[in-house]
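Architecture and fold: a report
One letter stands for each residue in the lines below.
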Amino acid sequence: MSSTTTNTTQRILLVRWLVGVLFLVSCFFWANQALLSTLRVSQPLPVHTFLETITIVIFASVFIVCWNAFGDSRKKSSAILAVAFLCTAILGFFHSVSFQGMPGFETATDMHKSLSFWLASRSLIAVTLLGLALDPTDADISQKQSYTILFAGTICTALLAIIIFGSPHLLPLTFSDKTGQTTFKVVYEMGLVAINSFTAFLFYKHAVRFQSDKTAEHLHIERAPLFFASALMAMSEVYFSLYSSTSDIDIVIGHTFQLFAAIAIYRSMVAVNIHTPYAALAETTESLVRSTEELFLQRERLSRMIDTAIDGIITVDEKQIIILANPAAATIFGYPLENLIGAPLDKLIPMRHRHSHGNHMREFGEAGTTRRKMGTHYEDFYVTGCKVDGDEFPIEASIAHQLENGKRYYTVIFRDITDRKIAREKMAAYHTQLSQLSNTLQTIREEERKHIARELHDDLGQLLAALRMDLSLLQRDRQLIENNQQTMKSMDQLILTAITTLRRIATDLRPRALDEGGLFFALKTLQKDFSQRHKIECELVADEKHLILDDARSTAIYRIIQESLTNVARHAEANYVQIEFHHFSDKLSFTITDNGKGIDDHDMQKTQSFGLVGMRERVKAMHGEFHVVSNNGEGTTLKIILPLDKET
């Protein structure tokens, strides 16, 4: 159970206990009127006037709060309550000024007027509280409707006052000098007792059910004090039905109960609605103080972070004036920190970039994005800083902007990447040198292969051919054949095998078809030899006229396809390979596709994959593009695109 619920329960129990005690005391007084009648009030008029004045002031306060607590945003209930308590205060005032003993009001007829005002005010307050206890659905009303209710209530009160003062005989008699209160007055008081008792019962049920009927948006009412007030008003009406003269103690007791009831109503409506906004204000103030302290601590933490950051941080306003800079920024640019604050940002930007930089900043602020990176690629250093000595250096930075009170501020976090730029430029230079070295080695390798192939074919091949011719001459000697027939046949077979092997090695080193018939003829020979040697179907889709290229391109393309077919034979476990060429006006593309098991990403990243590395280097040397598409179990496709308008 929450503390609020516990407090509400305790308050209801206390109020119920007080009502019970006062009811028991009142029952004792009502049962002992003979004893009570011995107590007389020597000066009833001042006592009555004092008690009534306090009650009138309290009811007027209720009107002020109910009417003004929420300005133009008013509920119908708050307007009716306000007007009802205003009219009750006015009628109470007329009752007080017409009470017996007041100047000009001395007769029984005048007391009849005073009691008529009394009954009217008590009826109005009883009916109003009963209406509130019935808890009808509430609705917002306009200011015009509020003033209409106020006007109607005051007019009705004024008309009733005119009737009571001008024509009291039109109303039932309430008091006479001989008998005191009339039967009508007593019965009417009993009716008010019944209404107030029923109202007290309803308010008690409400108090048990909830503490207040509305949120703080409109009139805030506590039900437990209203239960107490209605119960006391019911008991007070009994006292007002028992007295016979204005000096009876019953009047004082009744008015005392009425005063306590008025105080309870004040506590329920006025004190709560005065205390609620101030309590909310105090809570808001306390929360604001805590937020301010937390904000101060966060600002201190942020300030320490900015001051100790190794990256430079600079904040500028819309006019590009530096309003914040950290020590790292001052160190990077070589300025004292105090010289940066208040200085224009242009002093940190090279002269040739200042105009475009200002435009970039404005466009960035107007684009709607809140942050952006700048200068993150070492090839593009369009963000360039200028040190105090005029030296320029590359900057990697991120920029963010925010709006504060309608003004735009930009914050840049940056770092000097001169060392990184130099390192990457060196790496790029090393890579270029390695690529050139690779190209040179490939060229040397091809030349060496060509030379070895030519030597094997022209020299060693001719020697083997001559040796076979000599062997043929020896085979004509019948006597020699008869003695060495088996040996001669073996020697002939070995020489033939040596010639075949020599031709194969020479072709692998440098196919003569490439030099004699061109790229298309060489690829057809490679296709046929591959299919025969590895029993894998190989299809070549190409147009001979589109494969008339220079020696360098022809050799590179042949080697790429040769290496690809070698990889298929070794690793792919395929039974079909297709080589397809497409010719365009400015480029030549070809694909090598197999239906094998594919290549894992891990295998493609291996440093030992020299075949793929070699192919990439050959393609790169010709300024082309090299792509590998492979999925497990779905084969592999190599796609190469070579430009035709660039020299290798």
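Rules and cut-offs
- Residues numbered from 1 in each chain as written.
- Predicted model: local features only at pLDDT ≥ 70, side-chain atom pairs only at ≥ 80, totals over all residues.
- Heavy atoms only, no water.
- Helix = DSSP H or I, 4+ residues; strand = E, 2+ residues; numbered from the N terminus.
- Buried < 20%, exposed > 50% of the residue type's maximum accessible area, 1.4 Å probe, protein only.
- Contact = heavy atoms within 4.5 Å.
- Areas by Shrake-Rupley, 256 points an atom, 1.4 Å probe, with all protein chains shown as cover.
- Pairing = 2+ DSSP bridges.
- Right-handed = clockwise from strand over helix to strand, strands pointing away.
- Axes fitted to C-alpha atoms, helices over the stretch in contact; angles between N-to-C directions.
- Parallel < 35°, antiparallel > 145°, perpendicular 65-115°, else oblique.
- Left-handed = near helix turned anticlockwise from the far one by under 90°.
- Nonpolar A, V, L, I, M, F, W, Y, C, P; charged D, E, K, R; others polar.
- Expected span 1.5 Å × (residues − 1).
- 1 Å grid on protein atoms, 1.4 Å probe; cavity = no way out; pocket = protein on both sides within 12 Å on 5 of 7 lines; lining within 4 Å.
- Points joined across faces, edges and corners; volume = space filled by probe spheres on them.
- Core = buried A, V, L, I, M, F, W, Y, C linked by side-chain atoms within 4.5 Å.
- Polar contact = N/O pair within 3.5 Å; in protein donor to acceptor, adjacent residues only side chain to side chain.
- Phe/Tyr/Trp six-rings, centres within 6.5 Å; stacked < 30°, edge-to-face > 60°.
- Lys NZ or Arg CZ within 6 Å of the ring centre and 35° of its normal.
- Salt bridge = Lys/Arg side-chain N within 4 Å of Asp/Glu carboxyl O.
- pLDDT = per-residue confidence, 0-100.

Take the overall build of the chain next. Per the secondary structure count, the chain includes 19 helices and 15 strands. When burial is assessed residue by residue, the chain has 41% of its 648 residues classed as buried. Taking contacts inside the chain between residues at least 6 apart in sequence as the whole, the part at least 24 apart equals 67%. For the chain, the exposed area adds up to about 36100 Å²; of that, 59% sits on carbon and sulfur atoms.

Going residue by residue along strand β11 (residues 537-541), you find Cys 538 and Leu 540 tucked away on one face and Glu 537, Glu 539 and Val 541 left uncovered on the opposite face. Here β11 runs beside strand β12 (residues 576-583); their pairing, made up of five bridges, is parallel. In the sheet register, Val 541 faces β12, and the bridge partner there is Glu 580. The parallel pair β11 and β12, bridged by helix α17 (residues 551-572), forms a crossover whose chirality is left-handed.

Our next topic: the sheet that holds strand β14 (residues 625-630). The sheet built from five strands is open, its strands ordered β11-β12-β13-β15-β14 with mixed pairing. On the outer flanks of this sheet lie β11 and β14, each paired with one strand and no other. Each adjacent strand pair in this sheet contributes to an overall mean axis angle of 10 degrees, direction not counted. The pairing of β14 with strand β15 (residues 636-643) spans six bridges and is antiparallel. Note on β15: the bridge partner recorded for Ser 630 is Thr 636.

Here the focus is the packing of helix α7 (residues 183-209) against helix α8 (residues 223-240). Relative to each other, α7 and α8 sit at 165 degrees, their axes nearing to 8 Å. As judged from the angle between their axes, α7 and α8 are roughly antiparallel. Read as a crossing pair, α7 and α8 show a hand that is left-handed. Of the residues assigned to the contact of α7 with α8, the class counts are 15 nonpolar, five polar and four charged.

In a regular helix each residue adds 1.5 Å, so 18 residues correspond to 26 Å; α8 covers 26 Å between its end C-alpha atoms and thus fits that length. Here α8 lies mainly inside the structure; 18 of its 18 residues are buried.

Further remarks concern empty space enclosed by the protein. For the structure on display, the rule yields three cavities of 30 Å³ or more. Volume-wise, the largest cavity comes out at about 70 Å³. The wall of the largest cavity is formed by His 48, His 95, Phe 99, Met 111, Leu 115, Trp 118, Lys 185, Phe 240, Tyr 243, Ile 251 and His 255. At the level of elements, α5 (108-133) and α9 (249-308) are the ones that each hand at least two residues to the lining of the largest cavity. With three residues, the single largest contributor to the lining of the largest cavity is α5. Along the lines of polarity and charge, the residues of the lining of the largest cavity split into seven nonpolar, three polar and one charged.

If you look at the biggest cluster of nonpolar residues, it comprises 51 residues, and the most contacted ones within it are Phe 85, Leu 129, Leu 226, Ile 265 and Met 269. For this core, the elements supplying multiple residues, two or more each, are α1 (3-31), α3 (44-68), α4 (76-97), α5, α7, α8 and α9. Of all the elements, α8 adds the most residues to this core, at ten residues. Setting aside residues up to four positions removed in sequence, Leu 226 forms contacts with Leu 129, Leu 132, Phe 203, Ile 221, Ile 265, Ser 268 and Met 269.

Considering the arrangement of structural elements, one finds Thr 55 in helix α3. Reaching out from Thr 55, the side chain makes a polar contact with the backbone oxygen of Leu 51 at a distance of 3.0 Å. What Thr 55 contacts, discounting residues up to four positions off in sequence, is Leu 259 and Ala 262.

Following the criterion strictly, the structure yields 15 aromatic pairs and no others. Taking the centre distance of 6.0 Å and the plane angle of 55 degrees together, the rings of Phe 28 and Phe 29 count as tilted. Owing to a relative accessible area of 23%, Phe 29 belongs among the partly exposed residues under this scheme. Pairing Phe 93 with Phe 94 gives two aromatic rings, centres 5.9 Å apart and planes at 50 degrees, and the pair type is tilted. Overall, Phe 93 belongs to the partly exposed group, its relative accessible area being 44%. Pairwise contacts between aromatic rings join Phe 23, Trp 30, Tyr 239 and Phe 257 into one cluster. Residue placement shows Arg 122 over the ring face of Trp 118; its charged tip is 4.3 Å from the ring centre. The ring of Phe 584 is capped by Lys 587, whose NZ or CZ atom sits 5.4 Å from the centre of that ring.

Turning our attention to the environment of Lys 76. As for its placement among the helices and strands, Lys 76 is situated in helix α4. Considering only alpha carbons, one finds Lys 76 and Asp 140, 64 residues apart in sequence, at a separation of 6.0 Å.

This part covers the packing of helix α16 (residues 519-534) against α17. For the pair α16 and α17, interaxial distance at closest approach is 11 Å and the crossing angle is 10 degrees. By the angle class used here, α16 and α17 are roughly parallel. Between α16 and α17, the residues in contact are Leu 519, Ala 522, Leu 523, Leu 526, Phe 530 and His 534 and Ser 554, Ile 557, Tyr 558, Ile 561, Gln 562, Leu 565, Val 568 and Ala 569, respectively. Tallied by class, the residues present in the contact of α16 with α17 amount to eleven nonpolar, three polar and no charged.

This brings us to the pattern of salt bridges. Across all of its chains, the model carries nine salt bridges by this definition. For Arg 290, the salt bridge identified is with Glu 286, shortest N-O distance 3.2 Å. Highlighted residues: Arg 290 and Glu 286, both in helix α9, separated by four residues, approximately one helical turn. Classification of Arg 290 by relative accessible area gives partly exposed; the value is 47%. A salt bridge links Arg 415 to Asp 311; the nearest nitrogen and oxygen atoms lie 2.8 Å apart. Here Arg 415 is found in strand β10 (residues 407-416), whereas its partner Asp 311 is found in the loop between α9 and β5 (312-316), with 104 residues between them in sequence. You can call Arg 415 partly exposed: its relative accessible area is 36%.

Okay, helix α6 (residues 143-166) next. Over its 24 residues, α6 extends 34 Å from the first C-alpha to the last, a length consistent with the 34 Å expected when each residue adds 1.5 Å. Residues of α6 that are buried include every one of Ser 146, Leu 150, Gly 153, Thr 157, Ala 161 and Ile 164, and no others.

On average, residues of the chain carry a pLDDT of 79, and 77% of them reach 70 or more. In the model, residues 212-218 has pLDDT below 50 throughout and makes 18 contacts with residues more than four positions away in sequence or in other chains.

This next bit is on the pairing of strand β6 (residues 322-325). Relative to β6, β5 runs antiparallel, the two sharing three bridges. Among the inter-strand pairings, Thr 315 is bridged to a residue of β6, identified as Leu 324.

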